Structure formats: C-alpha cells, structure tokens
Amino acid sequence: MSAMNCYIDRVLNRFADDITYRIFLMIEKDKKLLQEYRDIVNSGTDQHGLNSSLGKQIKVKFNLENNGICANRQTTLIKSYTRHRTK
C-alpha cells in the first residue's frame, strides 16, 4: 500500500473511531435536531432505544464495524458509545 493510501486509511479510521460520539454531539449543539430528538423521546420512544437505533444506523450507513466501547466525554445524550473502524 502506498504512503498516500496508508495515510488516507489512518485518517478515515480515526474519524470512524468516534463518529457516533460526534453525531450525538452535533445533535446536542443543533437546536432543531435537539428539539426533534426531545420530541421523539417525549412522545414515548425510549431514549436508550432511540440512541441504540441511531448507533446501529451509523454503522450501517457508513459501512463500519465495531471496535469497542468508550465512555462518553461531553454530550449529555449518551453515557457511552461504540467505537468503529472502517471495513
């Protein structure tokens, strides 16, 4: 593998590693997305179920595989998240 391809692979894996965390942080910082999230939870959807469904769809949408669990760092929406890596 060329140096360029190795570099690209490292960059993408680094991004994929905490993509779930980044998405939940984005939701929390976006007023509209956060309100929609709260509306869904307030309508009777279990917060853990919503979070789990979002996490699974992130994995599917970006064609990732699991790479362990990490404790949450900054967002109040999740307590932990699954780390990923590219396939």
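Data block above holds the structure.
Counting from 1, residues in each chain are numbered in the order their sequence is written. Whole-chain, interface and lining totals are the exception, using all residues; otherwise, since this is a predicted model, local features are given only for residues with pLDDT of at least 70 and side-chain atom pairs are given and counted only at 80 or more. In computing side-chain values, all of the structure's heavy atoms are included and hydrogens and water are not.

Undergrad: It is not clear to me how the layout of surface pockets should be interpreted in this structure. Could you clarify?
TA: If a probe as big as a water molecule is rolled over the atoms, it shows which places are left empty. Size it by volume and the largest pocket reaches roughly 430 Å³. His-48, Asn-51, Ser-52, Ile-78 and Ser-80 are, among the 19 residues lining the largest pocket, the residues nearest its centre. Helix numbering and strand numbering both begin at the N terminus, where a helix is a DSSP run of H or I of at least 4 residues and a strand a DSSP run of E of at least 2. Of all the secondary-structure elements, those providing two or more residues to the lining of the largest pocket are helix H2 (19-29), helix H4 (47-61), strand E1 (64-71) and strand E2 (80-86). Take the lining of the largest pocket: its biggest share by element is seven residues, from H4. Split by residue class, the lining of the largest pocket holds five nonpolar, 11 polar and three charged. As defined here, a cavity is a set of points on a 1 Å grid over the protein atoms alone where a 1.4 Å probe fits but cannot get out. A pocket is an open set with protein on both sides within 12 Å along at least five of seven lines, and residues line them when an atom is within 4 Å of a point. Grid points are joined across faces, edges and corners, and a volume is the space filled by probe spheres set on the points. When residues are grouped by polarity, Ala, Val, Leu, Ile, Met, Phe, Trp, Tyr, Cys and Pro land in nonpolar, Asp, Glu, Lys and Arg in charged, and all others, Gly among them, in polar.

Undergrad: Any chance you could explain the environment of Arg-73 here in plain terms?
TA: Take Arg-73: it is sitting in the loop between E1 and E2. Between the C-alpha atom of Arg-73 and that of His-48, which follows or precedes it by 25 residues, the distance is 17 Å. Whether two residues touch is decided by their heavy atoms; if any such pair falls within 4.5 Å, the residues are in contact. Excluding its chain neighbours within four sequence positions, the residues that come into contact with Arg-73 are Asp-18, Tyr-21 and Tyr-81.

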